[in-house]
Amino acid sequence: MGEPLLKTETRDIGLDTGMAKLTPEKIEKVINEVLENETGAKLKVYVDTCVHCGLCSEGCHYYMSNDKNPIYSPAGKVKQTIWEILDKKGKVSPEFIRRAAEIAYTECNLCKRCAMYCPFGIDVAYLMLVVRRICHKLGVIPQYIQDTAHSHAATMNQMWVKEEEWIDTLFWQEEEAAEEIENLRIPLDKEGAEIMYSVIGPEPKFRAQLIYEVAVIMNAAGLDWTMPSMPGWDNSDMAMYTGDNELMGRLKKEHFEAAERLKVKKIVMGECGHAFRSVYDMGNRQLGWKMPPVRMVHALEFYYELFKAGKIKIPEKYSKGVTLHDPCNVIRGRGLHEMSRYTVNKICSNFIEMTPNREHNYCCCAGGGVINCGPPFRNKRVVSDRVKAEQLMAAKEKGAEVVIAPCHNCHGGLEDIIDHYKLDMELKFLCDIIYEVMEKPE
Amino acid sequence: MHTLYNFVSGPLAWLAFIIFFGGSIYKIVSMMKLAKKKDTAVYEYWDGYYALRSILRWITPFATVNWRKNPVMTVVTFAFHICLVIAPIFLCAHVLLVKEAFDISWWYLPDGVTDIMALIVIFSCGYFLYRRKTKAEVKFLTSSSDYWLLLMVVAPFATGFWAYHQLFGYNLMFILHMLSGEIMLAAIPFTRLSHMLYAIFTRGYIGSEFGAVRHARDW
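First things first, this report covers the structure right here in the doc. All figures in this text were calculated on a predicted structure; none of them were measured in a lab. (Residues numbered from 1 in each chain as written. Chains lettered and ligands numbered in written order. Predicted model: local features only at pLDDT ≥ 70, side-chain atom pairs only at ≥ 80, totals over all residues. Heavy atoms only, no water.)

### Notes on the nonpolar core
Residues and elements named next belong to chain A.
Part 1 of the argument: Core analysis: the largest hydrophobic core is formed by 172 residues, its most contacted members being Ile97, Met227, Phe302, Tyr303 and Val322.
Part 2 of the argument: No other element matches the 11 residues that helix 7 (residues 124–138) contributes to this core.
Part 3 of the argument: Excluding residues that lie within four positions of it along the chain, Phe302 makes contacts with Ile195, Met218, Leu223, Val268 and Val297.
Part 4 of the argument: Membership of the second largest hydrophobic core comes to 22 residues, among which are Cys328, Leu392, Ala400 and Leu414. (Core = buried A, V, L, I, M, F, W, Y, C linked by side-chain atoms within 4.5 Å. Buried < 20%, exposed > 50% of the residue type's maximum accessible area, 1.4 Å probe, protein only. Helix = DSSP H or I, 4+ residues; strand = E, 2+ residues; numbered from the N terminus. Contact = heavy atoms within 4.5 Å.)

Shown next as structure tokens:
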């Protein structure tokens, strides 16, 4: 699946034309505006505290996968971007900005693994986001990801899904279900429901079966749930990754308000990592919410609660050997690793851990918006995650045939890795397996 | 030589301590104020329990994955930092100096022990230099300032060792010892040696975020 594998080709219309429009004066002005108005002690202290020891290096899968090339170490990326920017007080060239954009957008997944390797806990993802913010304000952004941000701005969803398309998709899933489960409903705009279920734009666009599967799960568990028909149904957020913080705020406001309008008790969201980061970590903060104003339950926590309460019955467990990928945004971002293992053990009889795992799991190399930067950067992304392929291979040698990746970006990234390294492993969402093995009502 | 000695051990020493303490307080207070204005999240998410959890974890040798991955660096950096702080404070000669000047005194270490500690600092700096020169990922991050910092740190210990053992020209070394010590102290708040002041905040903050918000470990 996906685009054909290209040779390393970093020509990108967004970066190239963006760079062509820059002047040294504009660069200096924008950089200093961002530094003056939007950064403060955090940036200064991080830069002053780094003793250039290089201990963060092994935290990064780019570094580990590219034969320990120091340009890919976390501090190495900081050196090539923000150190230089601060040293020169913003007097950098358009070419420098283009390279900085390429590093910040396509050579860092913002996965925060390195924060666990730096003895000082310096948050390199934060520093890369500052670089992205500058690049956003300068208009030097990879074309593909900027297109998704445009879609967000115009439609309030990531995939240019029109309102009627969205509703049609849900009806279509209901119809599909009728053959299997009579009276299965995907309740739209049900005021006062307990749960609002939200998904990312790509679900109705490419992976509508996931909505179907979750509808079956909700139905079997007898839950009071709904989905919004109006904008706000999409919880995804590429603006967070392009550096468009204002748009990120707009998106999250729309999402939270959809839940408020429906007067639900909580939002349950699908198996997506970045969307969780957006509602739980970054988007809410942009809006001034310390924690999300509505209780946010990620799919991994949701499934855990269902199984803990015995609401889903498993007559016979999934018997193929499975391994589990830990997505950064819900593991390092929310500590759901034990809950996901609880569910996997409930539904699978042969669970094989890959190592390192939990908080230390290697990133899929697709997150942080990197996969959304599109085909020009695909090769780099796949090559730069060789360690992931090795990790999967080791699990396969222990008997894992299936990789569970409970995150859309991880899914896309791992799909490419499995394909490129010819790992011949099957890839599934957790709900794929739950749906397959659960006891379904007639 | 005598006047120089008096100057370095008198006014200059005062100045160094004033810059060190004053500068450190100024740096911490100004950063806290700036954070209050620009990074309010730092205050909002700071969590004493999780900050401490993270700090304690990281100041324990081999208690984190990365310390275990780099055993040599771990041993050297812990030995280095412990000796760097402990040796000067509990050196017999320093304690006596303070007693003479202010009539305050505290417990001190035997000379043989501080002597070894000074050597540990010197050899550790040698190791750091070797790392900078040979390890690609460290070399890439290195600029001239990193060498100056290393020199600044090793100088008081090397000269102190020299003077204590009364090697050739130790009178001059004695003056250089005081001078280099003063330079290092005064430099702490204004160079990357300020990680001494900031480490507790950076580690504490990421510890708070990971512990209280993300419910995950940061080691």
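### A word on a nonpolar patch on the surface
Residue and element names in this part refer to chain B.
Part 1 of the argument: Together, Trp14, Ile18, Val85, Ile89, Phe102, Ile104, Trp106 and Trp107 make up a nonpolar patch on the protein surface, roughly 890 Å² of accessible area in all.
Part 2 of the argument: Looking at where Trp107 falls in the secondary structure, it is placed in the loop between helix 7 (92–102) and helix 8 (111–134).
Part 3 of the argument: Accessibility expressed as a relative area gives 58% for Trp107, which makes it exposed. (Patch = residues over 30% accessible without salt bridge, like charges linked within 9 Å, V, L, I, M, F, W, Y side chains within 5 Å. Areas by Shrake-Rupley, 256 points an atom, 1.4 Å probe, with all protein chains shown as cover. Salt bridge = Lys/Arg side-chain N within 4 Å of Asp/Glu carboxyl O.)

### A short note on the state of the cysteines
Part 1 of the argument: Scanning the entire structure with this criterion turns up zero disulfides over all chains.
Part 2 of the argument: A:Cys407 supplies the cysteine sulfur nearest to A:Cys272, a cysteine that is in no disulfide, at a spacing of 5.3 Å.
Part 3 of the argument: On the basis of relative accessible area, A:Cys272 is assigned to the buried category, the value being 3%.
Part 4 of the argument: With no disulfide partner, B:Cys83 has as its closest neighbouring cysteine sulfur the one in B:Cys125, 11 Å distant. (Disulfide = S-S within 2.5 Å.)

### Looking at the interface of chain A and chain B
Part 1 of the argument: Between chain A and chain B, the residue contacts involve 54 residues of the former and 43 residues of the latter.
Part 2 of the argument: Both sides of the chain A and chain B interface together cover about 4200 Å² of buried area, and 58% of this is carbon and sulfur.
Part 3 of the argument: On the surface where chain A and chain B come into contact, there are five salt bridges.
Part 4 of the argument: For the salt bridge of A:Glu359 with B:Arg217, the shortest nitrogen-to-oxygen distance reads 3.0 Å.
Part 5 of the argument: For the side of chain A that touches chain B, the secondary-structure elements that each account for two or more residues are helix 2 (24–38), helix 3 (41–49), helix 5 (74–87) and helix 14 (274–286) of chain A.
Part 6 of the argument: The element contributing the most residues to the side of chain A that touches chain B is helix 3 of chain A, with eight residues.
Part 7 of the argument: A per-class count over the side of chain A that touches chain B returns 25 nonpolar, 14 polar and 15 charged. (Buried area = accessible area lost by both parts, 1.4 Å probe. Nonpolar A, V, L, I, M, F, W, Y, C, P; charged D, E, K, R; others polar.)

### Looking at the pattern of salt bridges
Residue and element names in this part refer to chain A.
Part 1 of the argument: Within this structure, the stated rule accounts for 44 salt bridges over all chains.
Part 2 of the argument: The shortest N-O distance in the salt bridge between Glu301 and Arg334 comes to 3.5 Å. Of this pair, Glu301 sits in helix 15 (residues 299–308) while Arg334 sits in the loop between helix 16 (328–331) and helix 17 (337–347), placing them 33 residues apart in sequence.
Part 3 of the argument: With relative accessibility at 14%, the residue Arg334 sits in the buried group.

### A closer look at unusual backbone geometry
Apart from glycine, the bulk of residues carry a negative phi angle, and the bulk of peptide bonds sit in the trans form.
Residue and element names in this part refer to chain A.
Part 1 of the argument: Geometrically, the link from Thr355 to Pro356 is a cis peptide bond, its omega value of -10° lying close to zero.
Part 2 of the argument: Along the chain, the position of Pro356 falls in the loop between helix 17 and helix 18 (378–383).
Part 3 of the argument: Phi at Leu110 takes a positive value of approximately 55°, unusual for a residue other than glycine.
Part 4 of the argument: Here Leu110 lies in the loop between helix 6 (94–106) and helix 7.

### Some points on the sheet that holds strand 5 (residues 322–324) of chain A
Through backbone hydrogen bonds, the strands of a sheet pair up, either in parallel or in antiparallel fashion.
Residue and element names in this part refer to chain A.
Part 1 of the argument: Reading across the sheet, the three strands line up as 5-6-7 and stay open at both edges, with parallel pairing between neighbours. A single partner strand is all that each edge strand has here, and the edge strands are strand 5 and strand 7 (426–428). Between one strand axis and the next, the sheet turns by 25° as a mean value, whatever way the strands run.
Part 2 of the argument: Relative to strand 7, helix 21 (residues 430–437) is tilted by about 90°, and along the sheet it contacts strand 5, strand 6 (402–404) and strand 7. (Pairing = 2+ DSSP bridges. Axes fitted to C-alpha atoms, helices over the stretch in contact; angles between N-to-C directions.)

### Notes on the packing of aromatic side chains
Part 1 of the argument: Evaluated as defined, the whole model comprises 19 aromatic pairs over all chains.
Part 2 of the argument: Here the aromatic rings of A:Tyr62 and A:Tyr72 are separated by 6.2 Å at their centres, their planes lie at 20°, and the arrangement is stacked. With A:Tyr62 in helix 4 (residues 61–65) and A:Tyr72 in the loop between helix 4 and helix 5, this pair connects stretches of sequence that are 10 residues apart. With respect to burial, A:Tyr62 and A:Tyr72 carry one shared label: buried.
Part 3 of the argument: Judged by centre distance (6.4 Å) and plane angle (35°), the ring pair of B:Tyr127 and B:Tyr130 falls under tilted. Of this pair, B:Tyr127 and B:Tyr130 both sit in helix 8, three residues apart, which is roughly one turn of that helix. (Phe/Tyr/Trp six-rings, centres within 6.5 Å; stacked < 30°, edge-to-face > 60°.)

### A closer look at the packing of helix 1 (residues 13–20) of chain A against helix 6 of chain A
Residues and elements named next belong to chain A.
Part 1 of the argument: The interhelical angle for the contact between helix 1 and helix 6, taken along N-to-C directions, is 155°, at an axis separation of 9 Å. Relative to helix 6, the element helix 1 is oriented roughly antiparallel. For the crossing formed where helix 1 meets helix 6, the hand is right-handed. In this structure, helix 1 uses Leu15, Asp16 and Met19 to contact helix 6, whose residues at the interface are Pro94, Glu95, Arg98, Ala101 and Glu102.
Part 2 of the argument: Its residues assigned to classes, the contact of helix 1 with helix 6 shows four nonpolar, no polar and four charged. (Parallel < 35°, antiparallel > 145°, perpendicular 65-115°, else oblique. Left-handed = near helix turned anticlockwise from the far one by under 90°.)

### Some details on helix 4 (residues 48–58) of chain B
All names here are of chain B.
Part 1 of the argument: All of the buried residues in helix 4 are Ala51, Ser54, Ile55 and Trp58. All buried residues of helix 4 fall inside an arc of 95° around its axis, so they share one side.
Part 2 of the argument: Contacts from the buried residues of helix 4 go to helix 5 (65–69), helix 6 (71–89) and helix 12 (195–213). (Arc of directions from axis to C-beta.)

### Quick notes on the pairing of strand 3 (residues 266–269) of chain A
All names here are of chain A.
Part 1 of the argument: Both faces of strand 3 are covered, namely the face carrying Lys266 and Val268 and the face carrying Ile267 and Met269.
Part 2 of the argument: Note: strand 1 (residues 195–198) against strand 3, four bridges, orientation parallel. Bridge assignment links Tyr197 to a residue of strand 3, and that residue is Val268.
Part 3 of the argument: Strand direction decides the pairing type here: strand 3 and strand 4 (residues 295–298), joined by four bridges, are parallel. The residue bridging Lys266 from the neighbouring strand is Arg295, located in strand 4.

### Some details on the packing of helix 9 (residues 163–180) of chain A against helix 11 (residues 208–221) of chain A
Residues and elements named next belong to chain A.
Part 1 of the argument: Interaxial distance between helix 9 and helix 11 falls to 10 Å at its minimum, and their mutual angle equals 55°. As judged from the angle between their axes, helix 9 and helix 11 are oblique. When you trace helix 9 past helix 11, the crossing you get is right-handed. Residues Trp166, Thr169, Leu170, Trp172, Gln173, Glu176, Ala177 and Glu180 of helix 9 touch helix 11, and the partners they reach there are Ala208, Gln209, Ile211 and Tyr212.
Part 2 of the argument: Grouping the amino acids of the contact of helix 9 with helix 11 by side-chain chemistry returns seven nonpolar, three polar and two charged.

Function cannot be inferred from these measures alone, as they are strictly geometric.
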